Amino acid sequence: MLPLLKDYIFIGSGPDTFAEVFPQHDYAGKIVYSDQPDMVMEKAHNDYLTKWVQTGMISVICIVAFYFALFWQGKAVFKKKEKIESMQCRIGYGCYFACLVYIIASLANDSTLQTAPLFWVFAGIAFSCIKNSKNASKPSTMSS
């Protein structure tokens, strides 16, 4: 897997082309790990490595930057010792932690059609709650 990364440093092989560029001729390894020598390896079982091979290092850097922004902004808002009073804040906590679990699970799992859309919906909800929490904590400068 790692030798493939040097071939696709900046520009990947293209979306959904992992099976085409991965060397499928390791029959002994397939027998040891899957008991099926004719099995076609379609994923790297690490979402970041799969994205790197398919879309390049630049896209992986962008996605990790997005994950880091979600983590950092959420950590700054949610680490406050305030009570969880509103339902919106509770939903924000749940979505934020669900996103963190997805990001960590991506190290040993692939993105699937069932989980990826939920992650993006939860990330949007978490960012919305983060923004609303920041706006609520700012003192109002308007006076009546």
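As shown above, the structure is provided for reference.
Reading guide: rules and limits
- Per chain, the residues get numbers from 1 upward, laid out in the order the sequence is written.
- This being a predicted model, a pLDDT of at least 70 is required before a residue's local features are given, and a value of 80 or more before pairs of side-chain atoms are given or counted; all residues contribute to the totals for chains, interfaces and linings.
- Hydrogens and water molecules were not included; the side-chain quantities draw on all heavy atoms of the structure.
- Geometry of aromatic contacts follows a simple scheme: Phe, Tyr and Trp rings, the Trp one being its six-membered ring, pair when their centres are within 6.5 Å, and the pair is stacked under 30 degrees between planes, edge-to-face over 60, tilted otherwise.
- What counts as a helix is a DSSP run of H or I of at least four residues, what counts as a strand is a run of E of at least two, and both are numbered from the N terminus.
- When accessible area is computed with a 1.4 Å probe and restricted to protein chains, residues below 20% of their type maximum are described as buried, those above 50% as exposed, and intermediate ones as partly exposed.
- Any helix carries an expected span of 1.5 Å times its number of residues minus one.
- Nonpolar cores are built from buried Ala, Val, Leu, Ile, Met, Phe, Trp, Tyr and Cys residues. Side-chain atoms within 4.5 Å join them into one set.
- What makes two residues a contact is simply this: any of their non-hydrogen atoms within 4.5 Å.
- The term salt bridge refers to a side-chain nitrogen of Lys or Arg lying within 4 Å of a carboxyl oxygen of Asp or Glu.

**Student:** Help me out: how do you make sense of the packing of aromatic side chains in this one?
**Tutor:** The description of two aromatic rings rests on the distance between their centres and on the angle between their planes. One pass over the full model with this rule turns up 10 aromatic pairs. Taking the centre distance of 6.1 Å and the plane angle of 80 degrees together, the rings of Tyr48 and Tyr67 count as edge-to-face. Here Tyr67 lies in helix α5 (residues 57-78) and Tyr48 lies in helix α4 (residues 47-55), a separation of 19 residues in the sequence. Classification of Tyr48 by relative accessible area gives buried; the value is 13%. Here Tyr96 and Phe97 contribute two aromatic rings whose centre-to-centre distance is 5.2 Å and whose plane-to-plane angle is 65 degrees, an arrangement assigned as edge-to-face. Judged by relative accessible area, which is 3%, Tyr96 ranks as buried. Members of the aromatic cluster, each reached through a chain of ring pairs, are Tyr48, Phe66, Tyr67, Tyr102, Phe119, Trp120 and Phe127.

**Student:** Explain helix α6 (residues 87-105) to me, please; I cannot follow it from the model alone.
**Tutor:** Every α-helix carries 3.6 residues per turn, so stepping three or four residues along brings you back to the same face. An ideal rise of 1.5 Å per residue puts 27 Å on 19 residues; α6 measures up with 27 Å between its terminal C-alpha atoms. The complete set of buried residues in α6 reads Cys89, Gly92, Tyr93, Cys95, Tyr96, Cys99, Leu100, Tyr102 and Ile103.

**Student:** Sorry, what's going on with the nonpolar core here?
**Tutor:** Note on soluble globular proteins: their nonpolar side chains tend to be buried together. Core analysis: the largest hydrophobic core is formed by 19 residues, its most contacted members being Tyr67, Leu70, Phe78, Ile103 and Phe119. Contributions of two or more residues to this core are made by α5, α6 and α7 (116-137). With eight residues, α6 is the largest single contributor of residues to this core. Setting aside chain neighbours within four positions, we find Phe78 in contact with Gly92, Tyr93, Tyr96 and Ile130. Grouped together as the second largest cluster of nonpolar side chains are seven residues, Leu5, Tyr8, Phe18 and Met41 included.

**Student:** What is the right way to look at the side chain of Ser106 in this model?
**Tutor:** Its place among the elements puts Ser106 in the loop between α6 and α7. Taking the relative accessible area as the measure of exposure, Ser106 reaches 4% and is therefore buried. Beyond its immediate stretch of four places on either side in the chain, Ser106 contacts Asn46, Asp47 and Tyr48.

**Student:** Explain the pattern of salt bridges to me, please; I cannot follow it from the model alone.
**Tutor:** A side chain of one charge can pair with a side chain of the opposite charge if their charged atoms are brought near each other. What the rule picks out here adds up to one salt bridge. Between Lys51 and Asp47 there is a salt bridge whose closest N-O contact spans 3.1 Å. Of the two residues, Lys51 and Asp47 are both situated in helix α4; the distance of four residues between them amounts to about one turn of the helix. For Lys51, a relative accessible area of 22% gives the class partly exposed. Classification of Asp47 by relative accessible area gives buried; the value is 4%.

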